[in-house]
Amino acid sequence: MPQLAATVRHIAEGVKGFTITAAVKNIEGWEETLGKVETPGAKGIVRDLERLRKLIQSDDIDGDAVRKIIARLGEETVTMAGKADEPKGGRIKELGEALTAAAK
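Remember, predicted model here, so these are calculated numbers, not experimental data.

Reading the values: rules and limits
Residues numbered from 1 in each chain as written. Predicted model: local features only at pLDDT ≥ 70, side-chain atom pairs only at ≥ 80, totals over all residues. Heavy atoms only, no water. Helix = DSSP H or I, 4+ residues; strand = E, 2+ residues; numbered from the N terminus. Buried < 20%, exposed > 50% of the residue type's maximum accessible area, 1.4 Å probe, protein only. Expected span 1.5 Å × (residues − 1). Contact = heavy atoms within 4.5 Å. Salt bridge = Lys/Arg side-chain N within 4 Å of Asp/Glu carboxyl O.

Caption draft 1: Focus on the environment of Ala98. By the element assignment, Ala98 lies in helix α5 (residues 88-102). With relative accessibility at 15%, the residue Ala98 sits in the buried group. Placed 24 residues apart in sequence, Ala98 and Gly74 show a C-alpha to C-alpha distance of 7.2 Å.

Caption draft 2: Structural detail: helix α1 (residues 2-13). Here α1 contains 12 residues, and its C-alpha end-to-end distance of 16 Å stays within 8% of the 16 Å for a straight helix at 1.5 Å per residue. Listing the buried residues of α1 in full gives Leu4, Ala6, Thr7, Val8 and Ile11. In this structure, the buried residues of α1 make contact with α2 (20-35) and α5. A positive backbone phi angle near 110° is found at Gly14, which sits one or two residues after α1.

Caption draft 3: Local environment of the pattern of salt bridges. Here the structure, examined in full by the defined rule, presents seven salt bridges. Of the charged contacts, one joins Asp48 and Arg72 as a salt bridge, the two residues approaching to 2.9 Å between their closest N and O atoms. Of this pair, Asp48 sits in helix α3 (residues 42-57) while Arg72 sits in helix α4 (residues 63-81), and the two are 24 residues apart along the sequence. Put simply, Glu50 and Lys54 hold a salt bridge, and the shortest N to O gap is 3.1 Å.

Listed below in structure tokens is the structure:
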């Protein structure tokens, strides 16, 4: 689960230090990974990731819209974590909590 650990690390370091290029690459990786998952909620997360990617690639980034979608992704991720087996579920929950905290 290196992708999960890398994403949590980037969020913990502060998303402002996450370049747009790096963020887009990370989001695309998650879109690809979650596109293959059949767990309820995964498709909604993929749609929100696509919206986030488009928002951050915009010439005039709407910070409030980005914050809202990151908060929603955090909530959705924590919910999805509850459906996963341990230890994966705990690590996914950690990601969701990091996203929620980053949105504040």
